[in-house]
Amino acid sequence: MAERVFVRSIRRVGFTGVTVHERNLFGVDDCARYPLFGEDLLATMRRTIPRERHDEVATCVTVSASKPFEARSRTEPSTEDAAGDDLIASGQRGNPTARGGVLHDMSEQLPTFDAGRRACGDGIGRDLRGWWAGLPAATRTALVVRDPSSKTDVPALARMLGHAVERQTETDGALRLIVRTKGEA
């Protein structure tokens, strides 16, 4: 994600005093340390990015910000909060069948991956790659993401993996995507 988009996303969710402290070049080999970048994506990057640019494919930024305390009036967490907490607390990030992982959307009869409030650093990229790999070619799927950075990263990941993003809509802070897995039916 571009730095300006990243900073805007941080501000949009209520952070203030956003300051970029440091910028460091990031290469293809650096990307390999993060779960979002699987072997297939890294191979595509190495194949399509000119070799002389392999050490400078992105810029890593260090940012600080603060978010004012918001008292919650509700007595119980919402279903989506509980699902995200369960995944993080239980250590089941890699298990897309865990609560908050794979759901079934009865309105469109599509297999649905609900990421809860997880971000890409929480393993969404890894989980989605594994989930998509287990589906037949050309399967229409629905994804629901709420984390601001994931709203940008997940559609990009789908396209980089060769899947078709057919539709994107956002309501009540949740981005819903319809993605057709790559290949012929």
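Just so we're clear, the structure is a prediction, and the values are computed from it rather than from any experiment.

1. Topic: the packing of aromatic side chains
Under the criterion given, the structure shown has one aromatic pair. Between Phe113 and Trp131, the ring centres sit 5.5 Å apart and the planes meet at 50 degrees, which makes this aromatic pair tilted. Here Phe113, found in strand E4 (residues 110-114), pairs with Trp131, found in helix H5 (residues 124-133); they are 18 residues apart in sequence, far enough to count as distant. An identical accessibility class is assigned to Phe113 and Trp131; each is buried.

2. Describing the environment of Asp114
Secondary-structure assignment places Asp114 in strand E4. Put simply, Asp114 and Val144 are 30 residues apart on the chain and 4.7 Å apart in space, counted from C-alpha to C-alpha. Among the polar contacts listed, one links the side chain of Asp114 to the backbone nitrogen of Gly116, at a separation of 2.9 Å. Polar side-chain contacts of Asp114 include one of 2.7 Å to the side chain of Arg146.

3. Topic: the pattern of salt bridges
Applying the stated criterion across every chain yields a total of nine salt bridges. Residue Asp30 pairs with Arg33 through a salt bridge whose shortest N-O separation is 3.9 Å. With a closest N to O distance of 2.7 Å, Arg146 and Asp114 form a salt bridge. Remark: Asp114 occurs in strand E4 and Arg146 occurs in the loop between strand E5 (140-145) and helix H6 (148-160); sequence separation between them is 32 residues. Accessibility classification places Arg146 together with Asp114 in one group, the buried group. The network of salt bridges with common partners includes Arg118, Arg126 and Asp127.

4. Remarks on the confidence of the model for the protein chain
Note: predicted coordinates in regions of low pLDDT should not be interpreted at a detailed level. For the protein chain, per-residue confidence averages 77 on the pLDDT scale, and 77% of positions sit at 70 or higher. Of all helices and strands in the protein chain, the one with the weakest mean pLDDT is helix H4 (residues 79-90) (33), whereas E5 scores best (94).

5. Overview of the pairing of E5
Summarising burial for E5: five of the six residues are buried, a large majority. Pairing between E5 and strand E7 (residues 174-180): six bridges, direction antiparallel. Its bridge partner lying in E7, Thr141 is registered against Val179.

6. Re the nonpolar core
Note that soluble globular proteins tend to have their nonpolar side chains buried in a common cluster. If you look at the biggest cluster of nonpolar residues, it comprises 23 residues, and the most contacted ones within it are Met45, Leu128, Trp132, Leu143 and Val154. Taken together, the elements giving at least two residues each to this core come down to helix H2 (28-31), helix H3 (39-48), H5, E5, H6 and E7. Of all the elements, H5 adds the most residues to this core, at four residues.

7. A closer look at the packing of H5 against H6
Between H5 and H6, the least distance of the axes is 11 Å, while the angle of their chain directions is 35 degrees. Regarding H5 and H6, the two cross each other, and that crossing is right-handed. Side by side, H5 and H6 meet where Ile124, Gly125, Leu128 and Trp132 of the first sit next to Ser150, Val154, Leu157 and Ala158 of the second. Of the residues that constitute the contact of H5 with H6, the class distribution is six nonpolar, two polar and no charged.

Cut-off values and rules
Per chain, residue numbering runs from 1 following the sequence as it is written. Residue-level local features of this predicted model are given only where pLDDT is at least 70; pairs of side-chain atoms are given and counted only at 80 or more, and the full residue set underlies all totals for whole chains, interfaces and linings. Hydrogens and water are ignored here; the side-chain numbers use all heavy atoms of the structure. Each Phe, Tyr or Trp ring (for Trp, its six-membered ring) is paired with any other whose centre lies within 6.5 Å, and the angle between the two planes then decides the class: stacked below 30 degrees, edge-to-face above 60, tilted in between. The secondary structure listing takes helices from DSSP runs of H or I that are at least 4 residues long and strands from runs of E that are at least 2 residues long, numbered from the N terminus. With a 1.4 Å probe rolled over the protein chains alone, any residue whose accessible area is under 20% of its type maximum counts as buried; one over 50% counts as exposed, and the rest are partly exposed. Here a polar contact is taken to be a pair of N or O atoms separated by no more than 3.5 Å, where protein atoms must pair a possible hydrogen donor with a possible acceptor and residues adjacent in sequence count only if both atoms sit in side chains. We count a salt bridge whenever a side-chain nitrogen from Lys or Arg sits within 4 Å of a carboxyl oxygen from Asp or Glu. As a per-residue quantity, pLDDT reports the predictor's confidence and falls between 0 and 100. A pair of strands is labelled paired if DSSP reports no fewer than 2 bridges between them. What makes a nonpolar core is a set of buried Ala, Val, Leu, Ile, Met, Phe, Trp, Tyr and Cys residues whose side-chain atoms join them at distances within 4.5 Å. For helices, the fitted axis covers only the stretch in contact; all axes are lines through C-alpha atoms, and the angles between them, taken along N-to-C directions, range from 0 to 180 degrees. Crossings are sorted by hand: turned counterclockwise from the far helix by less than a right angle, the near helix makes the crossing left-handed, and turned clockwise it makes it right-handed. It only takes one pair of heavy atoms within 4.5 Å for two residues to be counted as in contact. All residues other than Ala, Val, Leu, Ile, Met, Phe, Trp, Tyr, Cys, Pro, Asp, Glu, Lys and Arg, Gly among them, are scored as polar; the first ten of these are nonpolar and the last four charged.

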